[in-house]
Amino acid sequence: MATGRDFYEILGVPRNAGQEEIQRAYRRLARSYHPDVNHDPGAEERFKEVSEAYDILSDPDTRRRYDAFGRDFRQVPEGVDPRTWARARAGEGGRAGAGPGRRTRGGREPGDEEVWIRSGGTGSVAGSSGIGEDIDLDDLFGGIFGGARRARRGWAPIPGADQEAELELTVEEAYHGGRRSITLSGPDGPRTFEVTVPAGVVDGQRIRLAGQGGRGTNGAAPGDLYLVVRIAPHPRYRLEGRDLYVLLPLTPWEAALGAGVPVETPDGEAKVTVPPGSSSGRRLRLRGRGMPNPRGTPGNLYAEVRIMVPPRLTDAERRLFEQLATTSTFDPRR
């Protein structure tokens, strides 16, 4: 694969990139353009281009020669000075010469030899004396342009791509954890996985299934499958991080006088103490009764007070409320 693009540009890395940066760029691009993954008509050519760039830049010797000679590095014999080669390429027909030395008035270096490439296929070797003889370039280069060219490698093994899928859980399932079965569709048909859900997972957390992602090529390891947890809406609980929120309905007299009332949690019933004079919207905290945290402090549970009145009053209730209305001086609108 030969294009005019710079190999560093192809991989999207700077010229001073380290080997790890080059490898990361190659892995990312190879996964994107591999024909097994990307069926776009131009993906295969792009994949070959990326592979050729990595093939050159991942080898310190070939990278050094590429940095010195650019795209010509395959045609340049060993030991040629990059500056001399550049001068030869810039001249008509091109020149290739030996390494640097002390300059003379004529522009040559003592003992230097220059090869003047001519259209007839032969060259003249001239020393500082200006006396030379015609030689055959094929003899000089010893077939460098042919059989000695570095053989192209096969494609490097490419690890399989990591994949993601969503795993929807109820609040209770996320709270307690446990075993879950999940079926995902794929290019080879549906696959079913038995997943161990840790207790206390939260929305957006990822569960890793090692080796269950995309297949690798040329014997490379498969990628991983990441299950992204999504907590389904719940009729009773609201989840914010690891904190749980639940409504706590109270009668007017419980809110006014205070009381100890039960509240449902994912771990069973708990009791909350309502202070006297609690109004709707007040939050009562049950420390540590939110979502578990295997690696730290669990969340809290907040019971939010909501005062409820009887939808239909008995005669006795009506008399009591009327008595309260005539007796109390409390005005909530002030």
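As shown above, the structure is provided for reference.
Please read these numbers as outputs of a predicted model, since none were measured by experiment.

Caption draft 1: The arrangement of a nonpolar patch on the surface in detail. On the surface, W253, L257, L313, F321 and L324 cluster together to form a nonpolar patch covering roughly 490 Å² of accessible area. Elements with a contribution of two residues or more to the nonpolar patch: α8 (252–257) and α9 (315–327). Along the chain, L313 falls in the loop between β15 (301–307) and α9.

Caption draft 2: Spatial organisation of the packing of aromatic side chains. As enumerated under the stated definition, the model contains five aromatic pairs in all. Between the aromatic rings of Y8 and Y66, the centroid separation amounts to 6.1 Å while the plane-to-plane angle is 35°, which identifies the pairing as tilted. Here Y8, found in helix α1 (residues 7–11), pairs with Y66, found in helix α4 (residues 60–69); they are 58 residues apart in sequence, far enough to count as distant. The exposure class of Y66 is buried, given its relative accessible area of 3%. Seen from their ring centres, Y26 and Y54 are 4.1 Å apart, and the 5° between their planes marks the pair as stacked. Here the residue Y26 occupies a position in helix α2 (residues 19–33), and Y54 occupies one in helix α3 (residues 43–57), the gap between them amounting to 28 residues. Of the two residues examined, Y26 and Y54, each falls in the buried class. A connected cluster of aromatic rings, assembled from ring pairs, spans F7, Y8, Y66 and F73. The cationic tip of R206 hangs over the ring face of Y226; the distance from NZ or CZ to the ring centre is 4.1 Å. A cation sits over an aromatic face here: R238 above Y245, 4.5 Å from the ring centre.

The rules we used
Residues numbered from 1 in each chain as written. Predicted model: local features only at pLDDT ≥ 70, side-chain atom pairs only at ≥ 80, totals over all residues. Heavy atoms only, no water. Patch = residues over 30% accessible without salt bridge, like charges linked within 9 Å, V, L, I, M, F, W, Y side chains within 5 Å. Areas by Shrake-Rupley, 256 points an atom, 1.4 Å probe, with all protein chains shown as cover. Salt bridge = Lys/Arg side-chain N within 4 Å of Asp/Glu carboxyl O. Helix = DSSP H or I, 4+ residues; strand = E, 2+ residues; numbered from the N terminus. Phe/Tyr/Trp six-rings, centres within 6.5 Å; stacked < 30°, edge-to-face > 60°. Buried < 20%, exposed > 50% of the residue type's maximum accessible area, 1.4 Å probe, protein only. Lys NZ or Arg CZ within 6 Å of the ring centre and 35° of its normal.

Structural measurements only, silent on function.
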